[in-house]
Every structure is written in structure tokens, then in C-alpha cells.
Amino acid sequence: MRKFIHVDMDAFYASVEQRDDPSLRGRPVVVAWRGARSVVCAASYEARVFGVRSAMPAARAERLCPDAVFVPPDFTRYKAVSQQVREIMLRHTDLVEPLSLDEAYLDVTESKSALDSATAIAKTIRAQIREETQLTASAGVAPAKFLAKIASDWRKPDGLFVIRPHEVLDFLAPLPVSRIHGVGKVMDGKLAAIGIRTVGELRAHDAHELEARFGRYGRRLSELAHGIDRGEVKPDRPTQSISSEDTFASDVPLAETEATIRDLAAKTWAASRRTPRIARTVVLKLKTREFRILTRSRTPEHPPRDAAELTRIALELCRHVDLPGTTRYRLVGVGLSNFCDTDDTPGQTELFDASGDDH
């Protein structure tokens, strides 16, 4: 039986701002640039009371909470604090898998510290984070990764929740299926259509029928409903993708995205030089005025050798965007993906991924 902890910093970016500027404490803080094109990076709990949430347009956040204090994000500072938190976790186990700057999984089955239980380790980590960073974190403890993540959200903010092995099935049964990782609005609707609204109802459903209807994910859904998750904590995951994107001040036609694509390609190339791995696939991302997202990608015979080649391929991908010429775009991004080690870089024929699937 493995022991997992999921640690999630509370309103991380906003909490860092409130910590460093005492005048912000107790006030609704929104980490975002002001403006119609900006989105919310984070919101303090005081702002969340008004319905402000991450990824919300900043203009809407301002309407919901007119008294909010808008603070531009400072990712250099957030990364420094995140590293400080990471070092605290590493005192207890080498098996730390960061998901983002503000959350991570830990496998403490074999702890480096003298503490004798996962619960004691979680309590100690939270106390050390509070003492050394003056910030709070919530944590979940469970015998499976996906359960630990659910648990960390159970008593937010500044809480700890433990799901013991013998409690798993009873804990899961009444939960809405949307609490299972990967069940979004679309899948939630598909499950509701066949009478499945809770994890208990999902557990009672025939696994073979779920697999026939939803493929391999149907099988996984059944396993998760039974508390079965074979996922392992994977520390220091190798780079899988790198990208840069920008939102225009006003919506533009495709022909006017070229200068921005050139700038983004240069930024993405510079970022890719920080890893020894080689990217094989170039990705172009576009978001329309109506918030429809399109991606186009290409895996050339040889990986891009410099920024100029990356730029050329990104611009060529624009020609495979088949929306009407009247379409206006609010965002463009350039990325590199399909990274592999230098010794594993295969030679292959050029492949255009016309899937460009909107998602």
C-alpha cells in the first residue's frame, strides 16, 4: 500500500502579493493586468467571495468586484517561492512530482524523515511552509494519487484531509462523477445521459459496458470508481512541450499575425535551448474572437535547427487554417512539442497533422 500526499498552496500568487504588501491583506486581490484582453491569473479568497476565479476575463472580474485591487503578476517572484516550497518537500522524499508552481504530488511510502506516517509528514510540511514562507498550504493524504488530489481540496484553505484505505469506497460513493480527474462537462453529460451522476452509480455500472461506450477511458473510470489508481509519482519529468503565446490588443485577421508569430517563435526557441532534449514537432495555436481554439502542427523530417526554421514552419502552418478570411483572432501561440533525447531523434518523413482539431 503506497502513501501519497498532494500539497496545494492556497491562492498562491495572490497570497504571495498579500504577504509582501501588508496593505493588501484582508482585501480582494486579483492578480492580472487590467484591460479587456487580460485574464485573471489568481484571486485571493476575499475576491473569490464575489465570484472571481482564475482564467476569468479581467474585465468581468472587475465588474463582479469593483473594489478589487489589481496586481500585475510577478512570475519571477512566484517561481522563487515555489522553489522554496519544493525544497521543503524534498526534505521528506525524493519522489516529488510538481504539477505547477503551486501544487505537487509526493510519494512518502518510504520517507527520508523520521516521521512514521503520511499524515504526520503532511502536517510537518504544512507547518514548515507556514514558518519559512509565511504562506499556507492545504494537503490531502490517501493511498492513491487521484484521491490525494481530491482530499487536498476538501478543507481548503489551510486544511488537511486524510482518506484512509478502509474509507476509500465509502468516501467516493456519494461524490459527483465530476470530481474524478478527467471528467469534464462533456463526459459528465455523457455519463448523466446513461443515469450515472455519482461515483457510487459509476461503480455499480458494468465495466465492460463502460469500456464499450467510452473506450479505454471507460475502463479507467470504472477502476477509479473502485478506488484503483496505478499512477506513480514521477519526479523531474522531462520536458514535453514549450510554447509562447500572446493576446492581441484588438482582434486581427490572420494576415496580421505574422509579426507576432515571428516574435513568439524567437521566444519559444530561446526557451527550448535551456533543455538538452530535442523537439520534433512545431505547433501553431490560434484563438478566434469567439474563443474557438485551433491548433495546427507539423513534424518535419529533421527537427528545427534554429529560430529561423521554427519561424518558417510556424508561418507555413498558417496556410493550413481553413476558416473564412473574415475570421478575427484574439490570440496566437507558437510551440515545440514531442521532445526526445538527442540519441533518440529518429529520421522520418514529413508529416502534417491536419487534425488541427479544435478543442
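On a predicted model such as this, the values are computed, not experimentally measured, just so you know.

Here the focus is unusual backbone geometry. Excluding glycine, residues mostly carry a negative phi; peptide bonds, for their part, are mostly trans. Cis geometry is adopted by the peptide bond preceding Pro157, which originates at Lys156 and carries an omega value of -5°. Position of Pro157 relative to the elements: it lies in the loop between helix H6 (145–152) and strand S8 (160–162). In this structure, Phe291 takes a positive phi of about 70° despite not being glycine. Owing to a relative accessible area of 48%, Phe291 belongs among the partly exposed residues under this scheme.

What follows concerns the pattern of salt bridges. Counting across every chain of the model gives 26 salt bridges. Note that Glu223 and Arg230 form a salt bridge whose closest N and O atoms lie 3.2 Å from each other. Assessed through its relative accessible area of 21%, Glu223 is described here as partly exposed. Exposure remark for Arg230: the relative accessible area of 61% places this residue in the exposed category. For the salt bridge of Arg312 with Glu309, the shortest nitrogen-to-oxygen distance reads 3.9 Å. Placement of the pair is Arg312 and Glu309 together in helix H13 (residues 307–318), with a separation of three residues, close to one helical turn. Salt bridges linked by common partners bring Glu17, Arg19, Asp20, Asp74 and Arg77 together as one network.

The gaps left among the atoms become clear once a water-sized probe is rolled over them. Scanning all chains against the criterion turns up one cavity of 30 Å³ or more. In this structure, the largest cavity spans a volume of roughly 60 Å³. Along its surface, the largest cavity is lined by Val7, Asp8, Met9, Ser82, Val85, Arg86, Met89, Ser100, Leu101, Asp102, Glu103 and Ala104. With four residues, the single largest contributor to the lining of the largest cavity is helix H4 (residues 75–90). Of the residues that constitute the lining of the largest cavity, the class distribution is six nonpolar, two polar and four charged.

The strands making up a sheet associate through backbone hydrogen bonding, with each pair oriented either parallel or antiparallel. The mixed open sheet is built from five strands, whose spatial order is S5-S6-S1-S7-S8. Each end of this open sheet is capped by a strand with a single partner; those strands are strand S5 (96–100) and S8. Within the sheet, the average angular offset between the axes of one strand and its neighbour, ignoring direction, is 15°. Looking at chain direction, strand S1 (residues 4–9) and strand S7 (residues 137–142) are connected through six bridges and run antiparallel. Counted as the bridge partner of Phe4 is Ala142 from S7. Here H4 sits on the sheet in contact with S1, S5 and strand S6 (103–107), set at roughly 155° to S5. Across the sheet, H6 is in contact with S1, S5, S6, S7 and S8; its angle to S7 comes to roughly 145°.

A word on the environment of Pro253. Examined against the element boundaries, Pro253 turns out to sit in the loop between strand S9 (241–252) and helix H12 (258–272). Ignoring sequence-local partners within four residues, the contact set of Pro253 consists of Thr327, Arg328 and Tyr329.

Take a nonpolar patch on the surface next. Taken together, Val49, Phe50 and Leu64 make up a surface patch of nonpolar side chains, about 290 Å² in accessible area. Relative to the helices and strands, Leu64 is located in helix H3 (residues 58–64).

For the rest of this paragraph, the subject is the nonpolar core. Soluble globular proteins tend to bury their nonpolar side chains together. Ranked by internal contacts, the top residues of the largest apolar core, which has 33 residues, are Ile5, Val7, Phe12, Leu106 and Ile129. Every residue in contact with Val7, bar those within four places of it in the chain, is listed here: Met89, Asp102, Glu103, Ala104, Leu106, Ile125, Ile129, Ala137, Ser138 and Ala139. Core analysis: the second largest hydrophobic core is formed by 29 residues, Ala151, Phe161, Phe214 and Ala225 among them.

In this section: the sheet that holds strand S3 (residues 42–43). Taken in spatial order, the three strands make up an open sheet running S3-S2-S4, and their pairing is mixed. Only two strands of the sheet have a single neighbouring strand rather than two, namely S3 and strand S4 (69–71). Relative to S4, strand S2 (residues 29–31) is paired through three bridges, and the arrangement is parallel. Bridge assignment links Val31 to a residue of S4, and that residue is Val71.

For the rest of this paragraph, the subject is the environment of Ala255. Position of Ala255 relative to the elements: it lies in the loop between S9 and H12. Residue classification places Ala255 among the exposed positions, given a relative accessible area of 70%. Separated by 63 residues in sequence, Ala255 and Cys318 place their C-alpha atoms 8.8 Å apart.

We now examine the confidence of the model for the protein chain. Across the protein chain, pLDDT averages 90, with 94% of residues at or above 70. Residue range residues 345–359 is modelled with pLDDT below 50. Its contacts to residues more than four positions away, or to other chains, number 33 contacts.

The next subject is the side chain of Arg126. Counting through the fold element by element, Arg126 comes out in helix H5 (residues 118–133). Apart from the residues lying within four places of it in its own chain, the contact partners of Arg126 are Ala137, Ser138, Ala139, Asp158, Gly159 and Leu160.

Take helix H1 (residues 12–20) next. Burial analysis of H1 places seven of its nine residues in the buried class, the great majority of the element. Those residues of H1 that are buried are in contact with S1, S2, S3, helix H2 (45–48), S4 and H4.

Let us now look at the packing of H1 against H4. The geometry of H1 relative to H4 is characterised by a closest axis approach of 10 Å and an angle of 95° between their N-to-C directions. By the angle between their axes, H1 is roughly perpendicular relative to H4. Contact with H1, carried on its side by Phe12, Tyr13, Val16, Glu17, Arg19 and Asp20, involves Phe75, Arg77, Tyr78, Val81 and Ser82 of H4 and no other residues of that element. When its residues are assigned to classes, the contact of H1 with H4 shows six nonpolar, one polar and four charged.

Conventions used here
- Residues numbered from 1 in each chain as written.
- Predicted model: local features only at pLDDT ≥ 70, side-chain atom pairs only at ≥ 80, totals over all residues.
- Heavy atoms only, no water.
- Helix = DSSP H or I, 4+ residues; strand = E, 2+ residues; numbered from the N terminus.
- Buried < 20%, exposed > 50% of the residue type's maximum accessible area, 1.4 Å probe, protein only.
- Salt bridge = Lys/Arg side-chain N within 4 Å of Asp/Glu carboxyl O.
- 1 Å grid on protein atoms, 1.4 Å probe; cavity = no way out; pocket = protein on both sides within 12 Å on 5 of 7 lines; lining within 4 Å.
- Points joined across faces, edges and corners; volume = space filled by probe spheres on them.
- Nonpolar A, V, L, I, M, F, W, Y, C, P; charged D, E, K, R; others polar.
- Pairing = 2+ DSSP bridges.
- Axes fitted to C-alpha atoms, helices over the stretch in contact; angles between N-to-C directions.
- Contact = heavy atoms within 4.5 Å.
- Patch = residues over 30% accessible without salt bridge, like charges linked within 9 Å, V, L, I, M, F, W, Y side chains within 5 Å.
- Areas by Shrake-Rupley, 256 points an atom, 1.4 Å probe, with all protein chains shown as cover.
- Core = buried A, V, L, I, M, F, W, Y, C linked by side-chain atoms within 4.5 Å.
- pLDDT = per-residue confidence, 0-100.
- Parallel < 35°, antiparallel > 145°, perpendicular 65-115°, else oblique.

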